[in-house]
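Take a look at the letters that make up each chain.
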Amino acid sequence: MNFLFAEFKGSKKWSISLPVLLWFALALIAGLAEYLHQSFNNYLIFKQVFLHTLEQRNLYLEYPSEYFDVNHYGPVFSLIIAPFAVLPDALGVICWTLANAAVLWLAIKKLPLTQQNFLIVLLIGLVDMMTASHNVQFNTMTAAFIIFAFVLVEEERDIWATFFIALGFLTKLYGIAAIVFFLFSKHQVKFIGYLIMWMVLLFCLPMIISTPAFVIQSYADWYHALSDKVIQNTSGLSASNMQDISVMGMVRRTFQTTSFKDIYVLIPAVAIFGLPLLRTSQYKSLGYRMHYLALALIAVVIFSDSAESATYVIAMVGVGIWYVLQEKKTAWVNAVLVLAIILTSLSTTDLFPQYVKVHLIRAYALKALPCLIVWLLLIKEAAAGKFDDHKICV
């Protein structure tokens, strides 16, 4: 296995490890392939968020002459995509996929991990990063925002930690998962103040390229668009429904019922998530805090009815963090990782027969199952584990 961590050296000044090389090469190949196949509809949606904001056109209507499907990102996304939207599509698509990969690579690099554990996390998240890149998605950067929030709280730079929490929330809602890191902050009063400040500033920021009235209306439109999307996501029980690849989706599809409400899972999940947080004496332990980073990354996906295959780059980075947190890589730990790689990462690729992908994996939302197992293991470890002198971190 040592070959996986081999380094390629071009000179005395630089070298690159195989996982990092694969990380960026696959992102580049994915972006190039999607452009050449003219299969970058998501990028067209993103690009038009910027252009429609400039033109003050409703961000959440269908525009079949421009793209299919509809936008579900907040108005502030118009500024995130702006540098790419002004480029020719070929360059914009490739730069977008590379930028997403680079931001997540940097975020993982910033974690307090040994070099080998950093590379292991990259390898575990690699396939799902490529899946997100082939879908020209934003999920890779979303994962990075959550990790940056954690890292910056660790560095006591709460002003920037709260920036990423607010940006993630006002862009795709998922970023709010990082709010749990408030409990680990040494400056909680300032944390709250900074978060309010960034929420206000980022709420208003799109007004610099549009108008206050349009932006305020857009947030109202966003709320209604997301409400409609929840109904749409949870009403489809067939394998053709690409959304709701979640714990709730597994229940709905297994029992073929749309009457099963998210709240039946979400209330117990929140309670379970919060229970180990009663161990306030463990807050001083980096290992404990890293468990909650992994928990947040996984939970925001497996408990979302908007989860789809391309969303799982967020969760699989969480799985990678769980794996390197294990001081003893027992047969059970390795078996769970293999299950996650096969059932979550590889099951939606061309390595799986089409029949299995459609009539088994997607039909029962089984992509979520290994991540749920890891999430429960993390809960158990956070609730009862000992974290002193953790050896996986530098």
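See the structure shown above.
Quick notes on the rules
Residues numbered from 1 in each chain as written. Predicted model: local features only at pLDDT ≥ 70, side-chain atom pairs only at ≥ 80, totals over all residues. Heavy atoms only, no water. Salt bridge = Lys/Arg side-chain N within 4 Å of Asp/Glu carboxyl O. Helix = DSSP H or I, 4+ residues; strand = E, 2+ residues; numbered from the N terminus. Phe/Tyr/Trp six-rings, centres within 6.5 Å; stacked < 30°, edge-to-face > 60°. Buried < 20%, exposed > 50% of the residue type's maximum accessible area, 1.4 Å probe, protein only. Lys NZ or Arg CZ within 6 Å of the ring centre and 35° of its normal. Patch = residues over 30% accessible without salt bridge, like charges linked within 9 Å, V, L, I, M, F, W, Y side chains within 5 Å. Areas by Shrake-Rupley, 256 points an atom, 1.4 Å probe, with all protein chains shown as cover. Expected span 1.5 Å × (residues − 1). Contact = heavy atoms within 4.5 Å. Core = buried A, V, L, I, M, F, W, Y, C linked by side-chain atoms within 4.5 Å. Polar contact = N/O pair within 3.5 Å; in protein donor to acceptor, adjacent residues only side chain to side chain.

Points about the pattern of salt bridges
Taken as a whole and assessed by the stated rule, the structure comprises 10 salt bridges. Two residues, Asp-89 and Lys-47, come together in a salt bridge whose shortest N-O distance is 2.9 Å. Residue Asp-89 is located in helix α4 (residues 89-110), and its partner Lys-47 is located in helix α2 (residues 41-55); the two are separated by 42 residues in the primary sequence. As a salt-bridge pair, Lys-367 and Asp-128 come within 3.6 Å of each other at their nearest N and O atoms. With Lys-367 in the loop between α15 (354-362) and α16 (369-384) and Asp-128 in helix α5 (residues 115-134), the pair connects residues that are 239 residues apart, well separated along the chain.

Looking at the packing of aromatic side chains
Considering all chains together, one arrives at 34 aromatic pairs under this definition. Ring geometry for Trp-160 against Phe-163: centres 5.8 Å apart, planes inclined by 75°, an arrangement best described as edge-to-face. Placement of the pair is Trp-160 and Phe-163 together in helix α7 (residues 158-172), with a separation of 3 residues, close to one helical turn. Assessed through its relative accessible area of 39%, Trp-160 is described here as partly exposed. According to the relative accessible area criterion, Phe-163 is buried, its value standing at 18%. Counting every residue linked through ring pairs, the aromatic cluster contains Phe-46, Tyr-73, Phe-77, Phe-84, Trp-96, Phe-138, Phe-145, Phe-148, Trp-160, Phe-163, Phe-164 and Trp-198. The positively charged end of Lys-329 is found above the aromatic ring belonging to Tyr-323, 5.2 Å away from the centroid.

Quick word on a nonpolar patch on the surface
On the surface, Ile-192, Ile-196 and Val-200 cluster together into a nonpolar patch covering about 270 Å² of accessible area. Locating Val-200 in the fold gives a position in helix α8 (residues 188-204).

Section: α4
Since one α-helical turn is 3.6 residues long, residues separated by three or four positions face the same way. When the terminal C-alpha atoms of α4 are compared, their 31 Å separation across 22 residues agrees well with the 32 Å that a helix rising 1.5 Å per residue should span. Among the residues of α4, Gly-92, Val-93, Ile-94, Trp-96, Thr-97, Ala-99, Asn-100, Ala-101, Leu-104, Ala-107 and Ile-108 are the ones counted as buried. Considering only its buried residues, α4 is in contact with α1 (18-36), α2, α3 (77-85), α5, α6 (139-154) and α13 (312-325).

Points about the nonpolar core
The biggest cluster of nonpolar side chains holds 129 residues, and the ones touching the most others in it are Trp-96, Phe-181 and Trp-375. If one sorts the elements of this core by residue count, helix α12 (residues 286-302) sits on top with 13 residues. Not counting residues up to four positions away in its chain, the partners in contact with Trp-375 are Ala-269, Ile-272, Phe-273, Leu-295, Ile-298, Ala-299, Ile-302 and Phe-303.

As for the side chain of Ser-78
Within the secondary structure, Ser-78 sits in helix α3. Within the structure, the side chain of Ser-78 is placed 2.7 Å from the backbone oxygen of Pro-75, a separation counted as a polar contact. Apart from residues lying up to four places away in sequence, Ser-78 is in contact with Val-49, Phe-50, Thr-53, Pro-206 and Ile-209.

Purely geometric stuff here, so don't read any function into it on its own.
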